[in-house]
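Residue-level listing of the chains:
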Amino acid sequence: MISTNPPQFTELDNTFKTRSLSQLADDRRMHTASGVYSLFRGWFSLDHGVHRIHDIPFQMKVDNVSLVERFSSRRNAVGSLYLTATHLIYVDHDNKRETWILHSHISSVGKLPLSTTGSPLQIRTKTFISMTFIVPKERDAHDLFTSLNKMCQPENIEDLYCFRYNIGPDEMEKSYGWSFFNIREDFERMNVPPESWTMTTLNKDYDLCDTYPRHLFVPTAAATSVLIGSSRFRSRGRLPVMTYMHSNKAALCRCSQPLSGFSARCVEDENLFMCIQKANPNTAQLVVVDTRPRINAMANRAAGKGYESEANYENTRFMFTGIDNIHVMRSSLAKVVETCDLKSQMMSAFLNGLEGSGWLRHTKSVIDAALSVARTLEEGSSVLVHCSDGWDRTAQVCGLAQIMLDPYYRTFDGFQALICKEWLEFGHKFSDRSGHIQVDPKEVSPVFTQWLESVWQLIQLYPFVFEFNERLLLTIHDHLHSCQFGTFIGNCEKDRIDLRVSEKTYSLWGYLATHKTEFLNPLYQLEENKKCVFTKPQPTLQLPQSTSQPPQSPSQPPQTFKFWRGMYCRWENGLHPRESLMDLATSYKDHMHSLNDHIKLLKKRIRHLEKKSSDDADIPYINGNNTELQLDDNRLNYKKGLNEQVNLKVQLQEKDVNEHPLIDGENAWSKKEAVVSKPSHPLEFASEQFYPGLSEADITIEDLTEELESIALDWKSVRTATECPCSTPLDFSSFKRHCSRCGGIFCSRCLEKLVSLPGHVTLQQSRVCMVCYKACFPKSMESPE
């Protein structure tokens, strides 16, 4: 894990010398930094009082270590390398920069051939960082090599970082996030008909299948003996169960391969297939999707496994989708990493390396399989998906198919619920596939990484229908390997219960919930999401040119797939920097919302002052008679003359309120209701009926002044921001945030306070810097964060 901010230290515990370090790297820094950028390689000033690298207890220190810059013409940095119990830290004293790497992120440590300047060590991480250090003495390089290889993969799972990591109760409770998602609630949302499907308790103690969740949804007509018999006939006991029900009542089921060999059959398994067919009111046909290449499935028959025989299963159609196994995927990604590490900047070398890896081809095969499943379900047929053991390719295809079919899974909360169901509760082997502890290297494979990339490819095709952004995918990926949270620890639900991770560790879902605004897609449109049809074939791919056009479906031409630079090359500071368009759009959207909220308050105050001025006006005397002067008030004439125009604008705004790409669905209700009120004056769009908490009685000049000064009308441009006031450099990879009160740009650490600014009519919680927080604290409402 990489820290971007200066540390804060607490009193050291003599029994745990690295307690301050773990708090340093993650206690406030890693959690206030947004998403993936909480894990970015950080450069920051060392001049922070007691916040010095020398205060950290370390196990080894090596001076005069050079850091090789691959894409920079400047000479290599020279500094000190510190090895602690949780991090490897490189300090460039001349430039006052630090690089922090969490041990659990290290994937490999290699010793390169000796050079005239020393012994090179190449460190690669699971987040696709590649760094080469030149250590002057070969003995020191060997000691570092040996120590890092031991620390990056502990032998005992309870030695992982999450079991000793502590945020503190003031930041987030340990229980927060663990109860966010429940598989039973997800099926209730699908309106599963009880006459066709029911929840069985056969697996409540994990006796039926220890890698399945406790609650399984099976056909109501399936007897207990049928379920037990089918479980015994399936690899790892993973019998066919339902994982999703489409709106047309077609069911998506998953399981593992049968133990059929060349001729074996199971009557109970065949009966369970018939029960699944009968539970579908649309058609009696069941489509079985084997995600493996046919030749691989046939080879498994020699080991007593294999695939279903068409002669034994009636009304069943079988198809193979040809997704390669975990060993091919591991080798493919390794070639991608090697391609990204090429010293040559020739375009042909990169393109040939990317083509030779086959990574995009494999990703395309996953998306094609999921699209085939989604189309079949849309046509009304139930689908059963399996691979070998049903926890790798099966999870990939089932998860993507549900994203294509169900708008809920394209939302922020729904996407996390999908991961909980398809990956966590149905037993993807996260600890083995991610190499959290010392396991057989052949078990490690980037299955989940490939699935996240498949989701990213869909986001690139349709940016308007996903509520979350790329940063959420990167954050989930990085924290999968950081072992900072207990969410992905273990290989199944039973493992996590036995380890008591919900009691001993923090939940990643809780962290994401407290930083939700950082992971929202500024282009998301709720209505576009609801009507998006992924399963309709299209001859060519074209993004919607305007929000009024209906969204198109994803197509499979290879030219639509992109290289995910944000995942595999995001750490290359030496490459040409560029701003993220999504970050710019998010900044503009936040600024627009702040200004709109402030404008509503100003309009409300103007209306109140106008009314008060009219009520309190003195009646003049002429020649001793109490005669009212007929005065022309240009504002009133303006008001009368524009009534018709205002009503016309109201109708247009009512129509277009949700059609702007920078207006999200959650805030659309307030805009709609403000328009529906149809005010008679253009300054009356903020009405008391929508903001009953505000009172206009006894408003003083001081109150008005405070309201005006509490909101920044101009925000600094993120394009010109190079450094936070705390001396933290802000480069292309940093998530730059604005203070709503002063408009300045800060790093995430300096902008962790939330207050209600008086200049906002809704009194919404806004992020402010520490200086502004101290200035407005007496009259602000501090967030529980």
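Starting afresh in each chain, residues are numbered from 1 along the sequence in its written order. Note on the predicted model: pLDDT of at least 70 is required for a residue's local features to be given, and 80 or more for side-chain atom pairs to be given and counted; whole-chain, interface and lining totals, by contrast, use all residues. As a rule here, side-chain values come from all non-hydrogen atoms in the structure, and water together with hydrogens is ignored.

Draft legend 1. Examining the overall build of the protein more closely. Each helix corresponds to a stretch of at least 4 residues labelled H or I by DSSP, and each strand to a stretch of at least 2 residues labelled E; elements are numbered beginning at the N terminus. Across its full length, the protein carries 26 helices and 18 strands. Exposure categories follow from relative accessible area, calculated using a 1.4 Å probe and restricted to protein chains: below 20% of the type maximum is buried, above 50% is exposed, and the middle band is partly exposed. Scored against the burial criterion, the 785 residues of the protein give a buried share of 56%.

Draft legend 2. Region of the structure containing helix H12 (residues 412–425). Take the residue count of a helix, subtract one, and multiply by 1.5 Å to get its expected span. A rise of 1.5 Å per residue sets the reference length of H12, with its 14 residues, at 20 Å; its end C-alpha atoms lie 19 Å apart and thus fit the reference within 8%. Among the 14 residues that make up H12, 13 are buried, leaving the element largely enclosed by the rest of the structure. Glycine 427 sits one or two positions beyond H12 and adopts a positive phi of about 80°.

Draft legend 3. Seen up close, the sheet that holds strand S5 (residues 106–111). Should DSSP find at least two bridges between two strands, the strands are taken to pair. Taken in spatial order, the 7 strands make up an open sheet running S4-S3-S2-S1-S7-S6-S5, and their pairing is antiparallel. Looking at the sheet topology across the chains shown, the edges are occupied by strand S4 (97–102) and S5. With direction set aside, neighbouring strand axes in the sheet form an average angle of 30°. Pairing geometry for strand S1 (residues 60–67) and strand S2 (residues 77–83), over 6 bridges, is antiparallel. Between N-to-C directions, angles span 0 to 180 degrees; the directions come from axes that are lines fitted to C-alpha atoms, helices contributing only their stretch in contact.

Draft legend 4. Broad picture of the nonpolar core. Working definition of a nonpolar core: buried Ala, Val, Leu, Ile, Met, Phe, Trp, Tyr and Cys residues. They are joined through side-chain atoms within 4.5 Å. Of all hydrophobic cores here, the largest spans 115 residues; its most connected members are Phe415, Trp451, Ile476, Trp509 and Tyr568. Once you skip the residues sitting within four places of it in the chain, tryptophan 509 turns out to touch Gly177, Phe180, Phe181, Gln416, Ile419, Cys420, Leu424, Ile476, Thr487 and Phe488. The next biggest cluster of nonpolar side chains, apart from the first, holds 23 residues, and it includes Ile101, Leu121, Ile123 and Phe133. Contact criterion: two residues are considered in contact whenever any of their non-hydrogen atoms come within 4.5 Å of each other.

Draft legend 5. Expanded view of the pairing of strand S13 (residues 316–320). In this sheet, S13 lies alongside strand S12 (residues 286–290) in parallel orientation, the contact comprising 5 bridges. Bridging across to S13, leucine 286 finds its partner in threonine 316. When the strands point away from the viewer and the connection leading from the first strand across the helix to the second strand turns clockwise, the crossover is called right-handed. In this fold, the crossover linking S12 to S13 by way of helix H7 (residues 294–300) has right-handed handedness.

Draft legend 6. Inspection of the pattern of salt bridges at higher detail. Throughout this description, the term salt bridge denotes a Lys or Arg side-chain nitrogen within 4 Å of a carboxyl oxygen of Asp or Glu. Applying the stated criterion across every chain, the model contains 24 salt bridges. Here aspartate 341 makes a salt bridge to arginine 124, at a shortest N to O gap of 3.0 Å. Of the two residues, aspartate 341 sits in the loop between helix H8 (326–340) and helix H9 (347–357) while arginine 124 sits in strand S6 (residues 119–125), which places them 217 residues apart along the sequence. Note that arginine 265 is salt-bridged to glutamate 270, the shortest N-O span being 2.9 Å.

Draft legend 7. Quick peek at the packing of aromatic side chains. Aromatic pairs are defined between Phe, Tyr and Trp rings, using the six-membered ring for Trp, whenever the two ring centres lie within 6.5 Å; interplanar angles under 30 degrees are classed as stacked, those over 60 as edge-to-face, and all others as tilted. Counted by the stated rule, this structure contains 33 aromatic pairs. Each ring, one from phenylalanine 350 and one from phenylalanine 563, has its centre 5.3 Å from the other, and the planes form 85°; the classification is edge-to-face. One end of the pair, phenylalanine 350, is in helix H9; the other, phenylalanine 563, is in the loop between helix H19 (526–531) and helix H20 (565–568), with 213 residues separating them in the sequence. On the basis of relative accessible area, phenylalanine 350 is assigned to the partly exposed category, the value being 22%. Lying over the aromatic face of phenylalanine 145, lysine 111 brings its terminal NZ or CZ to 5.9 Å of the ring centre. The criterion for a charge sitting over a ring is simple: Lys NZ or Arg CZ within 6 Å of the ring centre, and within 35 degrees of the ring normal. Lying across the ring of phenylalanine 187, lysine 421 places its NZ or CZ 5.8 Å from the centre.

Draft legend 8. Focus on the side chain of lysine 429. Position of lysine 429 relative to the elements: it lies in the loop between H12 and helix H13 (430–434). We classify lysine 429 as buried; its relative accessible area is 14%. In this structure the side chain of lysine 429 is engaged in a polar contact, spanning 2.9 Å, whose partner is the side chain of glutamate 443. Apart from residues no more than four positions distant in its own chain, lysine 429 is found in contact with Trp391, Glu443 and Asn491. By the criterion applied in these results, polar contacts are pairs of N or O atoms within 3.5 Å in which, for protein atoms, one can donate a hydrogen and the other can accept it, and in which residues neighboring in sequence qualify only through two side-chain atoms.

Draft legend 9. The arrangement of the packing of helix H10 (residues 359–378) against helix H11 (residues 393–405) in detail. Close contact between H10 and H11 brings their axes to 8 Å; oriented N to C, the two are set at 55°. Here H10 is positioned oblique relative to H11, judged by the angle of their axes. Judged by the twist between their axes, the crossing of H10 over H11 is right-handed. Residues Val366, Ile367, Ala369, Ala370, Leu371, Val373, Ala374, Leu377 and Glu378 of H10 form the contact with H11, whose participating residues are Gln396, Val397, Leu400, Ala401, Met404 and Leu405. Any angle between 65 and 115 degrees counts as roughly perpendicular, while under 35 counts as roughly parallel, over 145 as roughly antiparallel, and the rest as oblique. Crossings are classed by handedness, with left-handed meaning an anticlockwise turn of the near helix from the far one by less than a right angle and right-handed meaning a clockwise turn.

Draft legend 10. A look at the environment of phenylalanine 488. You can see phenylalanine 488 is positioned in the loop between helix H15 (470–482) and helix H16 (493–499). Put simply, phenylalanine 488 and lysine 429 are 59 residues apart on the chain and 9.1 Å apart in space, counted from C-alpha to C-alpha. Non-local contacts of phenylalanine 488, meaning those with residues more than four positions away in its chain, are made with Ile419, Leu424, Phe430, Ser431, His436, Ile476, Leu480, Arg496, Leu508 and Trp509.

Draft legend 11. Representation of the environment of tyrosine 82 in the model. Mapped onto the fold, tyrosine 82 is located in strand S2. Separated by 62 residues in sequence, tyrosine 82 and leucine 144 have C-alpha atoms that sit 9.8 Å apart.

Draft legend 12. Highlighting the environment of arginine 393. Counting through the fold element by element, arginine 393 comes out in helix H11. We classify arginine 393 as buried; its relative accessible area is 10%.

Draft legend 13. Spotlight on helix H6 (residues 267–278). In this model H6 runs 17 Å from its N-terminal to its C-terminal C-alpha over 12 residues, within 8% of the 16 Å that 1.5 Å per residue would give. Regarding H6, the residues found buried are Asp269, Glu270, Leu272, Phe273, Cys275, Ile276 and Gln277.

Draft legend 14. Spotlight on unusual backbone geometry. If you check the backbone angles, tyrosine 206 has positive phi at about 60° while not being a glycine. Structurally, tyrosine 206 can be placed in the loop between strand S8 (197–200) and strand S9 (216–219). The backbone of lysine 249 sits at a positive phi, close to 75°, despite the residue not being glycine. Mapped onto the elements, lysine 249 comes out in the loop between strand S10 (241–245) and strand S11 (251–255).

Draft legend 15. Here's a closer look at the confidence of the model for the protein. A residue's pLDDT is the confidence the predictor assigns to it, expressed on a 0 to 100 scale. When pLDDT is averaged along the protein, the result is 79, and 76% of the positions lie at 70 or above. Taken together, the stretch residues 621–643 has pLDDT below 50 and engages in 16 contacts with residues farther than four places along the chain or on a different chain. This stretch, residues 779–785, has a pLDDT under 50; its non-local contacts, to residues over four places away or in other chains, come to 22 contacts.

Draft legend 16. Structural view of the pairing of S2. In terms of residue burial, S2 counts as a mostly covered element, since 6 of its 7 residues are buried. Direction of pairing for S2 relative to strand S3 (residues 87–92): antiparallel, over a ladder of 4 bridges. Directly across from tyrosine 82, in S3, lies its bridge partner isoleucine 89.

Draft legend 17. Quick look at the packing of helix H21 (residues 581–615) against helix H25 (residues 701–709). Interhelical geometry of H21 versus H25 gives an angle of 160° and a closest axis separation of 11 Å. By the angle class used here, H21 and H25 are roughly antiparallel. The element H21 and its partner H25 pack so that their crossing is left-handed. Within the contact between the two elements, H21 uses His598, Leu601, Leu602, Arg605 and Leu609 and H25 uses Leu704, Glu707 and Leu708. Following the grouping adopted for this structure description, the nonpolar residues are Ala, Val, Leu, Ile, Met, Phe, Trp, Tyr, Cys and Pro, the charged ones are Asp, Glu, Lys and Arg, and the polar ones are all others, Gly among them. Class assignment of the residues belonging to the contact of H21 with H25 gives a composition of 5 nonpolar, 1 polar and 2 charged.

Draft legend 18. Expanded view of the state of the cysteines. Cysteine sulfurs are considered disulfide-paired once they come within 2.5 Å of each other. The full count for this structure, using the stated rule, is 0 disulfides. The thiol of cysteine 162 is not disulfide-bonded; the next cysteine sulfur, from cysteine 483, is found 6.3 Å away. No disulfide involves cysteine 387; its sulfur sits 9.0 Å from the nearest other cysteine sulfur, which is in cysteine 255. Looking at cysteine 387, the relative accessible area reads 3%, which means it is buried.

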